[in-house]
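Read off the chains here:
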Amino acid sequence: MSIRVVVADDQELVRSGFSMILEAQPDIEVVAEAGDGAEAVAAVRRHTPDVLLLDIRMPVMDGLEAARRVCAGSGCKVVMLTTFDLDEYVYDALYAGASGFLLKDVRRDDLVHAVRVVAGGDSLLAPAVTRRLVADIVRRRREETATEATPDRLDVLTAREVETLRMLARGLSNAEIATTLFVSEHTVKTHVSNVLSKLGLRDRVQAVIRAYETGLVTPGSP
């Protein structure tokens, strides 16, 4: 079964270029294109895609609001597109439910890989730029909110679940976590599922953010 994708970007050349790259893959089908956030939301409702590639800065409705609506109203996975590697909206986009983001100068192979990874239920945590951005944005947010309420604690997690969350925040895959903990990948998947369920999180990206917010890991830590 093909991975169904909607590509949303207000720049026609960018939109068409991404669509051509994805359409060339035997397992990916671009079911619609959109030039603004409102069109993107409508396209998701009409075509029920697996993945939405969504530009952050668009007219009519920006990508952040579109991401909120898509993530709240469907099972479609959202990957945000941005020109800037320190876009101030990335953090909010991840909290809106996006499964990750890509820079618009992403390589062809990385774009295709990202769509497959997200469609498979994972998040874009492997690329170093994602880890760096999450760490940087969370650090700045923690500094801004230092005088506010302490973020949710992790008391509801077991010791093994806490360790799993720590490894997720370091960018380890399920296979790598399994090797480190000397358990099966199935067991790791169970731990990850428990972490998400107990903390009320949508996916691994939000789990990483929570790990930074609670101080379980800190930017720059190994």
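The numbers attached to residues start from 1 for each chain and follow its sequence in the written order. Note on the predicted model: pLDDT of at least 70 is required for a residue's local features to be given, and 80 or more for side-chain atom pairs to be given and counted; whole-chain, interface and lining totals, by contrast, use all residues. The basis for the side-chain values is all heavy atoms of the structure; hydrogens and waters are excluded.

## A word on helix α9 (residues 185-199)
To be explicit about the condition: The secondary structure listing takes helices from DSSP runs of H or I that are at least 4 residues long and strands from runs of E that are at least 2 residues long, numbered from the N terminus. Take the residue count of a helix, subtract one, and multiply by 1.5 Å to get its expected span. For the exposure calls, accessible area comes from a 1.4 Å probe over protein chains only, and a residue counts as buried if that area is under 20% of its type's maximum, exposed if over 50%, partly exposed in between. Read the arc as the range of directions from the helix axis to the C-beta atoms.
The end-to-end C-alpha distance of α9, which contains 15 residues, comes to 21 Å, matching closely the 21 Å that a straight helix rising 1.5 Å per residue would cover. Of the residues making up α9, those classed as buried are Val188, His191, Val192, Val195, Leu196 and Leu199. What you see down the axis of α9 is that its buried residues fit within an arc of 130°, all on one side. In this structure, α9 carries His186 and Ser197 as exposed residues pointing more than 90 degrees from its buried face.

## Notes on the pattern of salt bridges
Let me state the cut-off plainly: Salt bridges, as used here, are contacts in which a Lys or Arg side-chain nitrogen is within 4 Å of a carboxyl oxygen on Asp or Glu.
Following the criterion strictly, the structure yields 9 salt bridges and no others. Notably, a salt bridge pairs Arg116 with Asp27, separated by 2.9 Å at the nearest N-O pair. Separated by 89 residues along the polypeptide, Arg116 in helix α5 (residues 108-119) and Asp27 in the loop between α1 (12-23) and β2 (28-34) bring together distant segments of the chain. For Arg116, a relative accessible area of 36% corresponds to the partly exposed category. A residue is classified by how much of its surface remains accessible, and Asp27, at 24% relative accessible area, is partly exposed. Notably, a salt bridge pairs Lys104 with Asp55, separated by 3.1 Å at the nearest N-O pair. Residue Lys104 is located in the loop between β5 (100-103) and α5, and its partner Asp55 is located in strand β3 (residues 51-55); the two are separated by 49 residues in the primary sequence. Just as Lys104 is buried, Asp55 falls in that class too.

## Concerning the nonpolar core
Applicable threshold: The criterion is simple. A nonpolar core is a set of buried Ala, Val, Leu, Ile, Met, Phe, Trp, Tyr and Cys residues joined through side-chain atoms within 4.5 Å.
Counting residues in hydrophobic clusters, the biggest one holds 27 residues, and the most contacted among them are Ala8, Leu52, Leu54, Val70, Val78 and Met80. Those elements that provide at least two residues to this core are β1 (3-8), β2, α2 (37-47), β3, α3 (63-73), β4 (77-82), α4 (90-96) and β5. For this core, the leading source of residues is α3, giving 5 residues. Core analysis: the next-biggest nonpolar cluster, separate from the first, contains 23 residues, Leu157, Val162, Met167 and Tyr212 among them.

## As for unusual backbone geometry
Of note in the backbone geometry, Thr48 takes a positive phi value of approximately 45° without being a glycine. With respect to the helices, strands and loops of the structure, Thr48 is situated in the loop between α2 and β3.

## Some points on the environment of Phe101
Topologically, Phe101 is positioned in strand β5. Residue Phe101 is classed as buried on the basis of its relative accessible area, which comes to 3%. Here the alpha-carbon distance between Phe101 and Val79, two residues 22 residues apart in the chain, equals 5.0 Å.

## Here we look at the side chain of Arg15
You can see Arg15 is positioned in helix α1. Classification of Arg15 as buried rests on a relative accessible area of 13%.

## Here we look at the sheet that holds β1
Within a beta sheet, neighbouring strands are joined by backbone hydrogen bonds and run either parallel or antiparallel to one another. Selection criterion: Think of it this way: DSSP has to see at least two bridges between two strands before they count as a pair. Helix axes are fitted to C-alpha atoms over the stretch in contact, other axes to C-alpha atoms as well, and angles between N-to-C directions run from 0 to 180 degrees. In what follows, a contact means two residues having at least one pair of non-hydrogen atoms within 4.5 Å.
Strand order in the open sheet formed by 5 strands is β2-β1-β3-β4-β5, with parallel pairing between adjacent strands. Looking at strand neighbours, the two that pair on one side only are β2 and β5, the edges of this open sheet. On average, adjacent strands in this sheet sit at an angle of 25° to one another, irrespective of strand direction. Pairing of β1 with β3 involves 4 bridges; the strand directions are parallel. Residue pairing in the sheet places Ala8 in a bridge with Leu54 of β3. On the sheet, α3 packs against β3 and β4 and is oriented at approximately 175° with respect to β4.

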